[in-house]
Amino acid sequence: MIPHVRRITAVCAALGAVLTACGTAGGGRPAPAVSPVSASPSATRPPVLAPGPGGLTPVFEHGPRTRGKTVALTFDADMTADQGPRAASGEHFDNPGLISALRALKVPATVFMTGRWADQYPAEAHDLGRDPRFEVANHSWSHYAFTADCYGLPTVDADGMRADVQRAYTSLRAAGVAHPMPYFRFPGGCYDQRALRELSGLGVTAVQWDVVSGDAFATDADAVTRQVLDGVKPGSVVVMHCTRSAAPTTERVVRAVVPELRRRGYRFVKVSELIGQSGGHR
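None of the values given here were measured: they were computed from a predicted structure.

Caption draft 1: How the structure looks around the state of the cysteines. Here the structure, examined in full by the defined rule, presents one disulfide. Here Cys-150 engages in a disulfide with Cys-190; their sulfurs sit 2.2 Å apart. Disulfide Cys-150 to Cys-190: torsion about the S-S bond roughly 80°, handedness right-handed. Of this pair, Cys-150 sits in the loop between strand S4 (134-138) and helix H5 (158-174) while Cys-190 is found in the loop between strand S5 (183-184) and helix H6 (193-198), placing the two residues 40 residues apart along the sequence. By relative accessible area, Cys-150 is classed as buried at 1%.

This is the structure in structure tokens:
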């Protein structure tokens, strides 16, 4: 879950209060994946960035600024490893209204889904995974942080990072997402060189953003809408959330942002298209 701010650094420097709906203390580490899985099982591999020096996991923040007015809306389907009791008591970590709005507006989008979310909502995960308008990518299994001091999230030890990502792919496929994308979003957007090294060799591109919507815990949809519209540039990646309890204004924001950006000449694309436009370079 991303707080209501306009900018975020690559290492997620302190940006405000702890986001309790993104994680609570305790719960322990997730179990390792049952068996190793590759990032993408499809015959035609989606575009990815070339690894960094020494095979370091590459990081993508936005597409080219000179390839036309394209913008990618991305939505984090957050649920931590220890939030099962909250879901059982009636808290909604999904947002069917938002997905319906995207379909009605004919907007392609990339959903970064935690494995725990897919375990909780397998029918919705399957529905997204089979809809060509969407692409589903990896947001970890646990939504535990891959660095220290990341909004108060519990952390994954370095030796468990790779297994957490692999376990998420296992959960996505078990829910019916046949071809999850080889893209990974760090919980909270927090990463460092150690995390990038630990994920080296998985074949994933780490996907960040250049526009923070500020929808997390927001109650003023107009303010979030203005923040998105003020921030979007050609090639932008906008981060929003697909979690009713923690981002209740997102559907209204999307219904306002989409027609206005189209009026300004923007075309909505998935993250894969922006990465493809980059030619494999950051």
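Don't stop here, the text continues.
Caption draft 2: The environment of Val-257, seen in detail. Among the secondary structure elements, Val-257 is positioned in helix H8 (residues 250-263). By relative accessible area, which is 2% here, Val-257 ends up buried. Along the sequence, Val-257 and Val-228 sit 29 residues apart, while their C-alpha atoms lie 7.5 Å from each other. Those residues in contact with Val-257, other than ones at most four positions away along the chain, are Thr-225, Val-228 and Leu-229.

Caption draft 3: Representation of the packing of helix H2 (residues 96-104) against H8 within the structure. Two numbers describe how H2 lies on H8: the axes approach to 9 Å, and their chain directions differ by 15°. Classified by the interaxial angle, the pair formed by H2 and H8 is roughly parallel. As for the relative orientation of H2 and H8, their crossing is right-handed in sense. Counting all contacts with H2, which are made through Gly-97, Leu-98, Ala-101 and Leu-102, the residues of H8 involved are Thr-250, Glu-251, Val-254 and Arg-255.

Caption draft 4: Structural view of the pairing of strand S2 (residues 70-77). Of all eight residues in S2, eight are buried; the element is thus mostly enclosed. Across the two faces of S2 the burial is the same, with Thr-70, Ala-72, Thr-74 and Asp-76 and Val-71, Leu-73, Phe-75 and Ala-77 all buried. As paired elements, S2 and strand S9 (residues 267-269) share three bridges and run parallel to each other. By the bridge assignment for S9, Ala-72 is matched with Val-269. Here S2 pairs with strand S8 (residues 236-241) via six bridges, running parallel. Directly across from Phe-75, in S8, lies its bridge partner Met-240. Here four bridges tie S2 to strand S3 (residues 109-113), and the two strands are oriented parallel to one another. Bridged to Asp-76 within S3 is Phe-112.

Cut-off values and rules
Residues numbered from 1 in each chain as written. Predicted model: local features only at pLDDT ≥ 70, side-chain atom pairs only at ≥ 80, totals over all residues. Heavy atoms only, no water. Disulfide = S-S within 2.5 Å. Helix = DSSP H or I, 4+ residues; strand = E, 2+ residues; numbered from the N terminus. Buried < 20%, exposed > 50% of the residue type's maximum accessible area, 1.4 Å probe, protein only. Contact = heavy atoms within 4.5 Å. Axes fitted to C-alpha atoms, helices over the stretch in contact; angles between N-to-C directions. Parallel < 35°, antiparallel > 145°, perpendicular 65-115°, else oblique. Left-handed = near helix turned anticlockwise from the far one by under 90°. Pairing = 2+ DSSP bridges.

All quantities given are derived from atomic positions and should not be read as evidence of function.
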